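Here is what each chain is made of, one letter per residue.
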Amino acid sequence: MQLQQLRYFLAVAETRHFTRAAEAAHVAQPSLSQQIRALERELGAELFHRTRGNIALTDAGDALLPLARRILADTETARLAVQETVQLRRGRVRLGAPPSLCTSLVPDVLRVFRDRYPGVALVVREGGSRDLVGWLAAGELDLALTITRPSGEQEPALAVTELLHEELVLVAAGRPVRRKVRVTELKGRPLVMFREGYDVREATLAACRAAGFEPEFAVEGGEMDAVLGFVRAGIGPAVVPGMVAARSGLAVTAFAGPGLGRTIAVAHGHEVPLTRAAEALRDTLLAHLRDAARDGELPPGTRLLLP
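Because the structure is a prediction, the values reported are computed rather than measured.

Asks: Hey, could you go over helix α11 (residues 276-294) for me, with residue numbers and the actual values?
Replies: For α11, which comprises 19 residues, the first-to-last C-alpha distance of 27 Å matches the rise-based estimate of 27 Å (1.5 Å per residue) to within 8%. Buried within α11 are the following residues: Ala277, Ala278, Ala280, Leu281, Arg282, Thr284, Leu285, Leu286, Leu289 and Ala292. Among the structural elements, β3 (92-97), α6 (105-116), β5 (143-147), β6 (158-172), β12 (260-269) and β13 (303-304) are those in contact with the buried residues of α11. Glycine 296 sits one or two residues past α11 and shows a positive phi near 70°.

Structural data, given as structure tokens:
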């Protein structure tokens, strides 16, 4: 049974005339009649009583008529739904990102994307880079903003595009007492520290150990908002990403020498093609970063890696 046959059947049923039905369907009358006959053979029943000047539905035709209308209506609905998705009037994007980027970069990008594609649903999932990579591999995310490994080693199952190199800085309550601080000056100075799983925690620990000491913690185990709140309360300073520090309202001090930093990338599954909506979000992200770099809106120490 073909959709075209159902359309011809419906045209005859509504006009009760083969010639007028052919004209309405923009097809030659013999072709329409042949298709109706083929449909009747497939169904094993005549659909019309054919008498000169009088075309009427048989009982089989009466039974098929509402079903044919429903099938053709559902087909049109499916066509429109696919067109809307392709044209980005509908759809869904699942984005993963570390909490530090969810409080800095992600809100601006999602605002621009939402303005352009209000019909596309956005789902955001926060997690550490290791969690994000696992969710991508499992097909639970379409895109993820991740922190690349210092070794430069990439997950073979992922397509990764490096976006930014971001400095880590020291934030504290009050005013900064100097322009820059050395990592060695953190020795003996209790820090507010993130929970395990944060790449900023791992980078801070690695830098302190490379400088020959184990850092002390005033309090540890917090998420991004909690860490900034503890710093504002005067419990101690914290090492945070530059983009977060720029919005924190806290005193910001950069690190001297090679300093501390991280590389931010966008990743998706290598074997799974991006949906139109996910591709549009990725393009929005890249355009936003290029515009911010061109207009001088990236925080100090943040460098664009895109060509």
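There's more to say after this.
Asks: Which residues make up the packing of helix α1 (residues 3-15) against helix α3 (residues 29-43), and what values go with them?
Replies: Closest axis-to-axis distance for the α1/α3 pair is 9 Å, and the angle between their directions is 110°. Here α3 runs roughly perpendicular to α1, going by the angle between their axes. Along its contact with α1, which presents Gln5, Leu6, Tyr8, Phe9 and Val12, the element α3 presents Leu32, Gln35, Ile36, Ala38, Leu39 and Glu42.

Asks: Hey, could you go over the nonpolar core for me, with residue numbers and the actual values?
Replies: Judged by nonpolar contacts, the single largest core of 30 residues is most densely connected at Leu101, Leu105, Leu145, Leu163, Leu281 and Leu285. Going through the elements one at a time, β3, α5 (99-102), α6, β5, β6, β12 and α11 are the ones with two or more residues in this core. Broken down by element, this core gets its largest block of residues, eight residues, from α11. Setting aside residues no more than four positions away along its own chain, leucine 163 makes contact with Leu145, Ile264, Ala265, Val266, Leu285, Leu286, Leu289, Arg303, Leu304, Leu305 and Leu306. Grouped together as the second largest cluster of nonpolar side chains are 28 residues, Tyr198, Val239, Val244 and Leu250 included.

Asks: Lay out the pattern of salt bridges in plain terms, naming residues and giving numbers.
Replies: Within this structure, the stated rule accounts for 14 salt bridges. Its salt-bridge partner being arginine 130, residue glutamate 202 comes within 2.6 Å of it at the nearest N-O pair. Taken together, the residues glutamate 202 in helix α8 (residues 199-210) and arginine 130 in helix α7 (residues 129-137) connect sequence positions 72 residues apart. Given a relative accessible area of 37%, glutamate 202 falls into the partly exposed group. Accessibility expressed as a relative area gives 66% for arginine 130, which makes it exposed. Several salt bridges share partner residues, and in doing so they unite Arg37, Glu40 and Arg50 into one network.

Asks: For the environment of arginine 79, give the residues involved together with the corresponding values.
Replies: Tracing the sequence through the fold places arginine 79 in helix α4 (residues 59-86). For the pair arginine 79 and histidine 17, spaced 62 residues apart in the sequence, the C-alpha separation amounts to 29 Å.

Asks: Talk me through the packing of aromatic side chains; I want residue IDs and the actual numbers.
Replies: Applying the stated criterion across every chain, the model contains four aromatic pairs. Plain terms: the ring middles of phenylalanine 9 and phenylalanine 48 are 5.5 Å apart, the flat faces sit at 45° to each other, and that makes the pair tilted. Taken as a pair, phenylalanine 9 in helix α1 and phenylalanine 48 in strand β1 (residues 48-51) lie far apart in primary sequence, 39 residues in all. Judged by relative accessible area, which is 0%, phenylalanine 9 ranks as buried. With centroids separated by 4.9 Å and ring planes inclined at 50°, the aromatic side chains of phenylalanine 113 and tyrosine 117 adopt a geometry described as tilted. Since its relative accessible area comes to 0%, phenylalanine 113 is described here as buried. The class of tyrosine 117 is partly exposed, set by a relative accessible area of 21%. Ring-pair connections join several aromatic residues into one group, and the members of that group are Phe9, Phe18 and Phe48.

Asks: Describe a nonpolar patch on the surface, listing the residues and the values that go with them.
Replies: Residues Leu3, Leu67 and Ile71 make up a contiguous nonpolar surface patch of about 220 Å² in total accessible area. Positionally, isoleucine 71 belongs in helix α4. What makes isoleucine 71 partly exposed here is its relative accessible area of 34%.

Asks: Outline α8, listing residues and values.
Replies: Between its terminal C-alpha atoms α8 stretches 16 Å, which fits the 16 Å expected from 12 residues at 1.5 Å a residue. Residues of α8 that are buried: Asp199, Val200, Arg201, Thr204, Leu205, Ala207 and Cys208. Residues of α8 that are buried make contact with β5, β6, β8 (191-194), β9 (217-222), β10 (238-241) and β12. Where α8 ends, the next residue or the one after it, glycine 212, has phi of about 100°, a positive value.

Conventions used here
Residues numbered from 1 in each chain as written. Predicted model: local features only at pLDDT ≥ 70, side-chain atom pairs only at ≥ 80, totals over all residues. Heavy atoms only, no water. Helix = DSSP H or I, 4+ residues; strand = E, 2+ residues; numbered from the N terminus. Expected span 1.5 Å × (residues − 1). Buried < 20%, exposed > 50% of the residue type's maximum accessible area, 1.4 Å probe, protein only. Contact = heavy atoms within 4.5 Å. Axes fitted to C-alpha atoms, helices over the stretch in contact; angles between N-to-C directions. Parallel < 35°, antiparallel > 145°, perpendicular 65-115°, else oblique. Core = buried A, V, L, I, M, F, W, Y, C linked by side-chain atoms within 4.5 Å. Salt bridge = Lys/Arg side-chain N within 4 Å of Asp/Glu carboxyl O. Phe/Tyr/Trp six-rings, centres within 6.5 Å; stacked < 30°, edge-to-face > 60°. Patch = residues over 30% accessible without salt bridge, like charges linked within 9 Å, V, L, I, M, F, W, Y side chains within 5 Å. Areas by Shrake-Rupley, 256 points an atom, 1.4 Å probe, with all protein chains shown as cover.

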